[in-house]
Amino acid sequence: MPDICLLPTSVVNKIAAGEVIERPASVVKELLENSLDAGATRVDITVEKGGADLIRITDNGCGIRADQLTLAVATHATSKISDADDLFRVQTLGFRGEALASIAEVSRLVLRSRPADCEAGAELEVVGGRAEPIRPVGCPVGTSIEVRQLFFNTPVRHKFMRTTQTEMGHITEAVSRLAIANPQVHFSLTHGGRLLHDLPPVDDLRDRIATLYGQPIAESLIEIEGRDEEVGLKGYVANPTHSRGNNRMQYLFLNGRYIRDRSLQHALGEAYRGLLLTGRYPICFLHLNISPSMVDVNVHPTKSEVRFQDGGRIYSQLLGSLRSKFLTTDLVARGTVPDQPSDNDDEVAASTPMRSEMFDWAKQQLGQPSTGAPSGLPEFKGFPSGGMPSMATTEALRLHPVSLPAEEAEGASPATAQENASYRVDEATAETPAAHFAPRAIQIHNRYLVVENEEGLEVIDQHALHERILYELLREKVLSGKLESQRLLVPEPVDLAGNEAALILENREVLGRLGLDVEEFGGETVLVSSYPAMLANFSPNEVLHSLVEKLSAEGKSPEPRDLLDELMHMIACKAAVKYGDRLTPEEVEALLAQRHRAQDHHHCPHGRPTALVFSREQLDRQFKRI
Ligand code: ADP
Ligand code: MG
């Protein structure tokens, strides 16, 4: 074994630099954080070749005195903390005193700075960790740092740099995070002489989000505010109509610092449970404020991971605030009637395949071909009235007397509709429409219910709505242990294949909670001894086969809670009226009457919207009436 020796400072610094400075975007992040810590109200960022050639950050912050410049680029030199106790009171973004030293170690860095009370500024150049003498220089108040030829002396890192476009993507992201955290600061970002972002200071975070991510997202934002003695929560989340295929648009800030936190991301997902499709992630811009003594930010050199003293509490605060806000928020999806074919944005493009996917899925579950013509689908024979009690009749669709004559519910004559519409346009504000408003509803194409309402018209997906109502009923009953289940006089054997019987038996307990009792029979057969009343219309054989499909699709053994939820979705889907079922006017009315019993009636349990609203104003505008 060779002798042990202390590493030369330059090697130590390169090792440290490797941790903090991973790519050009890390330089941008560190320098911006320094500018913000220095109290800057304006920061301009100039980049060439994705940061490989040049990163220049100029701020109007407090500046650095000439005699402190050398210290600023020294390792573990900081003006932000002075003793270990300060680590638990950190109010600044930086405190480790590593960034400038690390950057200077692996680039050609020029630092120019001038505090407001100094006549002139000073300049310090550091090349690969070697500092040149300090020179006086004329410059405006504030600090400007130029980083050229990043990683010129660390060839391995240099090789790891990606294309200009990729590196620029990371830089834009780093700028966006800090720009969202600091809406009161003016930022600009220029790349290759082109101004990519100019973000003037704003009072409302929403305006900054609009500039960065577009008006549709900004308009869909729901304001969140929650506070207890120790945790403050403030910001916005997007309406579930706007979501992403990954969690990258989840902006969480802790005391002004962008963080990634698995547990908080999970809380977000839980808050949106049933409002988003599987594989879709909510969008949020949320600020958490807690006492610095309750969180450790010194977990990782980049400080994007933190450790909470009481993570559970923050988890429930986040989940609780969002859920209670959603309860009082109108989450019904607004339909869009484009004037001309629009450049499909992500959301619009996503919504169409999602809907057809759902019908395909529902049909597959029911063993029907996924592309059958409407007439090829079996006609709905009415709700079961005899035999085993079915929740579909006893609970969810108990027929309510209809207040309108049936003919009227079948559809207003064009003339009436016309009169009605013009009447409303003329006297739009004269009376509250609700006072004499009798909603009419018709079923079209055996799929959708079109309902006139106070706002305009609503198109409801009959299956999705019924599925949601049944799902909530089922959940309520399962949770309170009051689910009706039918004990079979003669247990029914169901033949399965391979390891399917084992799979069913492994999940016996969860199935039992759903009113489905299964027993071992030997070999690949199981015995069904009781059966949920809600599934009275389906044979145990069919249901068990669907269950097996679900269970094997779940892959690695899911949490019993998630499994139960999945199975409740499946049962609700099976029991609900189908796409293609003809409903009588009474059934339409009954379905609509049940609607408001469901808390999240605006979304089916899989997160698809159950209804689209087209406002009368929107229609008036489209028909050039206003
Ligand atoms: P840290 O931010 O952790 O203190 P840095 O290496 O990033 O460490 O910066 C070292 C010191 O240089 C800071 O503590 C600060 O005093 C000074 N400094 C760096 N950038 C600026 C700036 N843009 N304006 C004013 N002071 C700065
Ligand atoms: Mg710093």
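Not measured: the values here are computed from a predicted model. (Residues numbered from 1 in each chain as written. Chains lettered and ligands numbered in written order. Predicted model: local features only at pLDDT ≥ 70, side-chain atom pairs only at ≥ 80, totals over all residues. Heavy atoms only, no water.)

1. A look at the environment of Arg323
Inspection of the secondary structure puts Arg323 in helix α10 (residues 311-327). Taking the C-alpha atoms as reference points, Arg323 and Arg273, 50 residues apart in sequence, are found 9.8 Å from one another. With residues near it in sequence (within four places) discarded, Arg323 still touches Glu270, Ala271, Arg273, Leu275, Gln599 and Asp600. Reaching out from Arg323, the side chain makes a polar contact with the backbone oxygen of Ala271 at a distance of 2.6 Å. (Helix = DSSP H or I, 4+ residues; strand = E, 2+ residues; numbered from the N terminus. Contact = heavy atoms within 4.5 Å. Polar contact = N/O pair within 3.5 Å; in protein donor to acceptor, adjacent residues only side chain to side chain.)

2. Section: the pairing of strand β8 (residues 186-191)
A large share of β8 lies buried, amounting to 6 of its 6 residues. What you see with β8 is no split at all: His186, Ser188 and Thr190 on one side and Phe187, Leu189 and His191 on the other are buried throughout. Pairing geometry for strand β1 (residues 42-48) and β8, over 6 bridges, is parallel. If you follow Val47 over to β8, its bridge partner there is His191. Sheet analysis places β8 next to strand β9 (residues 194-199), joined by 5 bridges and oriented antiparallel. Each residue of the ladder has a partner; that of Thr190, found in β9, is Leu195. From the end of β8 to the start of β9, which pair antiparallel, there are 2 residues, and Gly192 there has a positive phi angle of about 55 degrees. (Buried < 20%, exposed > 50% of the residue type's maximum accessible area, 1.4 Å probe, protein only. Pairing = 2+ DSSP bridges.)

3. Describing the site of ligand 1
With respect to spatial proximity, 19 residues lie near ligand 1, and among them Asn34, Thr78, Ser79, Lys80 and Gly97 are the closest. In the model, an oxygen atom of ligand 1 is placed 3.3 Å from a nitrogen or oxygen of the Ala99 main chain. In this structure, a nitrogen atom belonging to ligand 1 sits 3.3 Å away from a side-chain N or O atom of Thr143. Alone, ligand 1 offers 530 Å² of accessible surface; in the complex the protein occludes 92% of this. Looking at the shell around ligand 1, its residues break down into 7 nonpolar, 8 polar and 4 charged. (Near = heavy atom within 4 Å. Areas by Shrake-Rupley, 256 points an atom, 1.4 Å probe, with all protein chains shown as cover. Nonpolar A, V, L, I, M, F, W, Y, C, P; charged D, E, K, R; others polar.)

4. Overview of the side chain of Ser321
Here Ser321 is to be found in helix α10. The exposure class of Ser321 is buried, given its relative accessible area of 14%. Setting aside anything within four residues of it in sequence, one finds Ser321 in contact with Ile224, Gly226 and Leu233.

5. Things to note about the sheet that holds strand β21 (residues 485-495)
In space, the 3 strands of this open sheet follow the order β21-β23-β22, with antiparallel pairing throughout. With partners counted over all chains shown, the strands left at the sheet margins are β21 and β22 (517-522), one partner each. Across the sheet, the axes of successive neighbouring strands diverge by a mean angle of 20 degrees, strand direction being ignored. Sheet topology places β22 next to strand β23 (residues 525-532); 5 bridges connect them, and they run antiparallel. Paired with Glu519 across the strands is Leu527, a residue of β23. Strands in contact with helix α18 (residues 540-553) are β21 and β23; relative to β21, the strand with the most contacts, it is inclined by about 70 degrees. (Axes fitted to C-alpha atoms, helices over the stretch in contact; angles between N-to-C directions.)

These figures come from the coordinates and say nothing about function on their own.
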